[in-house]
Every structure is written in C-alpha cells, then in structure tokens.
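Residues per chain, in single letters:
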Amino acid sequence: MLYICRWADGARVGAKAAAAARLASGAGMPKKGKGQNKEPVKPLPPTGPVAVDQSGSITIAIHAKPGSKQNAITDVTTENISVAIAAPPSEGEANAELCRYLAKVLELRKSDVVLDKGGKSREKVVKILASTTPEEILEKLKRQAEAP
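- The protein chain goes by BTB domain containing 1 in an unreviewed UniProt entry, where it is assigned to Vombatus ursinus.
- Under Sequence similarities (unreviewed entry), UniProt gives the following word-for-word description of the protein chain: "Belongs to the UPF0235 family."

So, in structure tokens, the structure goes:
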C-alpha cells in the first residue's frame, strides 16, 4: 500500500520518502532537553606557555629573539616565553642554541629538548622529552627570567 503525503509547496511524495526527508533534515528527531545526556565536555586547551600535548609530552611556546648579545629569558607571559638567543638566525644556529640554552636552564640533557615547530619562525614550540611536570618547567623558567 502506498501513502501519499503533500508538502507545503504542493509536491506529492510517498510516505517513505517523506519520512526519510524529515529524518535527513532533522525535523523528525527529538530535541535534547535537560534530562537527556549531552556529549561529554572536552577539556579546554591549556592556557599558558607550558602545556602537555596529545602524546603526553610537555611543550613550551617560545618567542625567539636571535642575534642578541647573550642568551637570556627576557619575559614570561601567558602566551609564550621570550628568549634572547646569542646566535644568528641562519642555518639553524639559533634553533640549536635555543635548545642548548633551554636544556641548561631546565637542568635537562640536550637530547631531551627538541624543536617541534617553527624552524624558520620566531614563534616556536619546543618539546620536552624528559619526565617532568609543566609546573616544574614553568617555575624554572620564571626563576631564570627574574635572575639578574
């Protein structure tokens, strides 16, 4: 048996096609109310320059200033760590010096501090491979920034 429905625009459609159209448009679906479960809330991305990425590694957002007179952490903000690098920004020298300097400041092996993103940019992301906490890293960076 075939049922005929009439849409608002006057078109005649079979009942099965009308039901499929309603489901596709979402008109036939019940609305979510207060009593129904919602999708789990995803945690907000961490704020601050030191975070933990999806793989569990600690990352540090860096704003590099190559060509400085000496290596120094010049500023710690909520967005990134500003680091002056005493190496020219050519052929990866400043990137290598940045990793060496951060390893020294964080009291880690040089192989535990690697450049993750921003090889040709001043905005960089450095990954820490050693087992430590973001809080420890941030504390050491702040202490170094405050040192004379």
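### Quick word on helix 2 (residues 93-105)
And step 1. For helix 2, spanning 13 residues, the distance from its first C-alpha to its last is 18 Å, which sits close to the expected 18 Å at 1.5 Å a residue.
And step 2. Buried positions along helix 2 lie against strand 4 (58-66), strand 5 (72-76), strand 6 (81-85), strand 7 (113-117), strand 8 (123-128) and helix 3 (134-146).
And step 3. Looking at the residues trailing helix 2, positive phi occurs at E107, about 60 degrees.

### Structural notes on the side chain of K140
And step 1. Looking at where K140 falls in the secondary structure, it is placed in helix 3.
And step 2. Once you skip the residues sitting within four places of it in the chain, K140 turns out to touch V105, L106 and E107.

### Describing helix 3
And step 1. If you check helix 3, its first and last C-alpha atoms are 18 Å apart, about what 13 residues at 1.5 Å a residue would give, namely 18 Å.
And step 2. Inspection of helix 3 places P134, I137, K140 and L141 among the buried residues, and these make up the whole buried set. Buried residues of helix 3 fall within an arc of 135 degrees about the axis and therefore sit on the same side. In helix 3, the exposed positions that point more than 90 degrees away from the buried face belong to E135 and E146.
And step 3. In this fold, the buried residues of helix 3 make contact with strand 3 (50-52), strand 4, strand 5, strand 6, helix 2 and strand 8.

### With respect to the environment of T133
And step 1. Within the fold, T133 resides in the loop between strand 8 and helix 3.
And step 2. For T133 and V52, which are 81 residues apart along the polypeptide, the C-alpha to C-alpha distance reads 8.9 Å.
And step 3. A distance of 3.2 Å separates the side chain of T133 from the backbone nitrogen of E136, its partner in a polar contact.

### What about the environment of K124?
And step 1. Among the secondary structure elements, K124 is positioned in strand 8.
And step 2. Overall, the relative accessible area of 7% leaves K124 in the buried class.
And step 3. Considered as a pair, K124 and I60 are 64 residues apart in the sequence and their alpha carbons are 8.2 Å apart.
And step 4. Setting aside anything within four residues of it in sequence, one finds K124 in contact with I60, A61, I62, A64, N95, L98, L115, K117, G118 and G119.

Here is what the cut-offs are and how they apply
- Residues numbered from 1 in each chain as written.
- Predicted model: local features only at pLDDT ≥ 70, side-chain atom pairs only at ≥ 80, totals over all residues.
- Heavy atoms only, no water.
- UniProt positions renumbered as here; feature names shortened; annotations may be inferred.
- Helix = DSSP H or I, 4+ residues; strand = E, 2+ residues; numbered from the N terminus.
- Expected span 1.5 Å × (residues − 1).
- Contact = heavy atoms within 4.5 Å.
- Buried < 20%, exposed > 50% of the residue type's maximum accessible area, 1.4 Å probe, protein only.
- Arc of directions from axis to C-beta.
- Polar contact = N/O pair within 3.5 Å; in protein donor to acceptor, adjacent residues only side chain to side chain.

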